[in-house]
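Spelled out, the chains give:
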Amino acid sequence: SACLPACLSACLSACLPACLAFPVSPVIWSHRDRSDRGHTDQPVAFLFLVPLGGVGRRPAAGMASRKPRDSQEMCSRRVRELAQCAGNKQCFECGQPGVTYTDVTVGSFVCTACSGMLRGLNPPHRVKSISMTTFSQQEVEFLQHHGNENTT
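Reading the values: rules and limits
Residue numbers here run from 1 along each chain, matching the order of that chain's written sequence. The model is predicted, so local features are restricted to residues of pLDDT at least 70 and side-chain atom pairs to those at 80 or more, both for listing and for counting; the totals for chains, interfaces and linings are taken over all residues. Values shown for side chains rest on all heavy atoms present in the structure; no hydrogens or waters enter the calculation. Strands here mean DSSP runs of E at least two residues long; helices mean DSSP runs of H or I at least four residues long; both are numbered from the N terminus. Note on exposure labels: buried denotes an accessible area under 20% of the residue type's maximum, exposed denotes more than 50%, and partly exposed covers the range between, all computed with a 1.4 Å probe on protein chains only. Here a residue-residue contact requires only that any non-hydrogen atoms of the pair lie within 4.5 Å. Side-chain atoms within 4.5 Å link the members of a nonpolar core, which is a set of buried Ala, Val, Leu, Ile, Met, Phe, Trp, Tyr and Cys residues. One requirement defines pairing of two strands: DSSP has to find at least two bridges between them. Fitting a line to C-alpha atoms yields each axis, with helices limited to the stretch in contact; the angle taken between N-to-C directions then spans 0 to 180 degrees. For this analysis, a salt bridge means a side-chain nitrogen from Lys or Arg found within 4 Å of a carboxyl oxygen belonging to Asp or Glu.

S.K.: Even after reading the chapter, I still don't get the environment of Leu-118, so can you show me in this structure?
M.R.: Within the fold, Leu-118 resides in helix 3 (residues 112–119). Overall, Leu-118 belongs to the buried group, its relative accessible area being 2%. Expressed as a C-alpha distance, the spacing of Leu-118 and Asp-103, which sit 15 residues apart in the sequence, is 8.0 Å. Each residue touching Leu-118, except ones within four places of it in the same chain, is listed here: Glu-93, Asp-103, Val-110, Pro-124, His-125 and Val-127.

See the structure below:
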C-alpha cells in the first residue's frame, strides 16, 4: 500500500541514525516489476541510505579532520617565513636571490635552476616547492636547524 513506504521511512529515520557512524536519510524507492521473469506487476521496494549532505560526498568534516590540515598550513607558513630570513634569501648552490625550493636532504633553500640540478644527482636530493607543497613538522625543524647559513 502507499502508506507502507511512508511508515517504513518514518521508522527508519528514527532508528537508523543512532546505529550508524554518520547521519543518513533513508530513501525508499518502489515500483512495479513488469519484467519477463515470471512476475507480473509485482510491487518491488528498495531501501537506500543516503548520507546527509548528498550522494558521493563525505559526511561533514569535524574538528578532528581539520587539525592535520591546520598543522600542515602552519608548517608551510613557517617554511615561507624561513625563506625570508636574511641567510636564506639567496640560493645555497649558486647565490642567486629569490629562492623557490627547499632541499630537504641537506636543509637548504635553492632557486628553480638548482632544484632541477639537485633532482638530477645520483642519488637525487629531495627537493620541495616552498609555495606548492606541504611540510611536516620534522621537515620544518630540520630546515630551522640547518638553513643556508648553518649548512656546510
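S.K.: Could you clarify how one ought to interpret the nonpolar core in this entry?
M.R.: Nonpolar side chains in soluble globular proteins tend to be buried together. If you look at the biggest cluster of nonpolar residues, it comprises 10 residues: Cys-75, Val-79, Leu-82, Ala-83, Val-99, Phe-109, Ile-130, Phe-135, Val-140 and Leu-143. Only helix 2 (63–83) and helix 4 (137–145) provide two or more residues apiece to this core. Among the elements that line this core, the one with the most residues is helix 2, at four residues. If we skip the residues at most four places from it in the chain, Cys-75 touches Phe-135, Ser-136, Gln-137 and Val-140. Counting seven residues, the second largest nonpolar core, distinct from the first, contains Val-110, Cys-111, Cys-114 and Leu-118.

S.K.: How do you make sense of the sheet that holds strand 5 (residues 127–129) when you look at a structure like this?
M.R.: Adjacent strands of a sheet form backbone hydrogen bonds with each other and so pair up, either parallel or antiparallel. A sheet is described by the order of its strands in space; here three strands give the open sequence 4-3-5, paired in antiparallel fashion. Whereas interior strands pair on both sides, the edge strands pair on one side only; in this sheet they are strand 4 (108–110) and strand 5. Looking at each pair of strands side by side, their axes are set apart by 30° on average, direction ignored. Note: strand 3 (residues 101–103) against strand 4, three bridges, orientation antiparallel. Bridge assignment links Asp-103 to a residue of strand 4, and that residue is Ser-108.

S.K.: Just checking my understanding: could you explain the pattern of salt bridges for this structure?
M.R.: Between side chains of opposite charge, pairing is possible as soon as their charged atoms come close. In the structure shown here, the tally under the stated rule is three salt bridges. Two residues, Glu-81 and Arg-78, come together in a salt bridge whose shortest N-O distance is 3.2 Å. With Glu-81 and Arg-78 both in helix 2 and three residues apart, this pair spans about one turn of that helix. Its relative accessible area of 41% is what places Glu-81 among the partly exposed residues. Taking the shortest distance from any N to any O, the salt bridge between Lys-128 and Glu-139 comes out at 2.9 Å. Within this pair, whereas Lys-128 is found in strand 5, its partner Glu-139 is found in helix 4, the two being separated by 11 residues in sequence.

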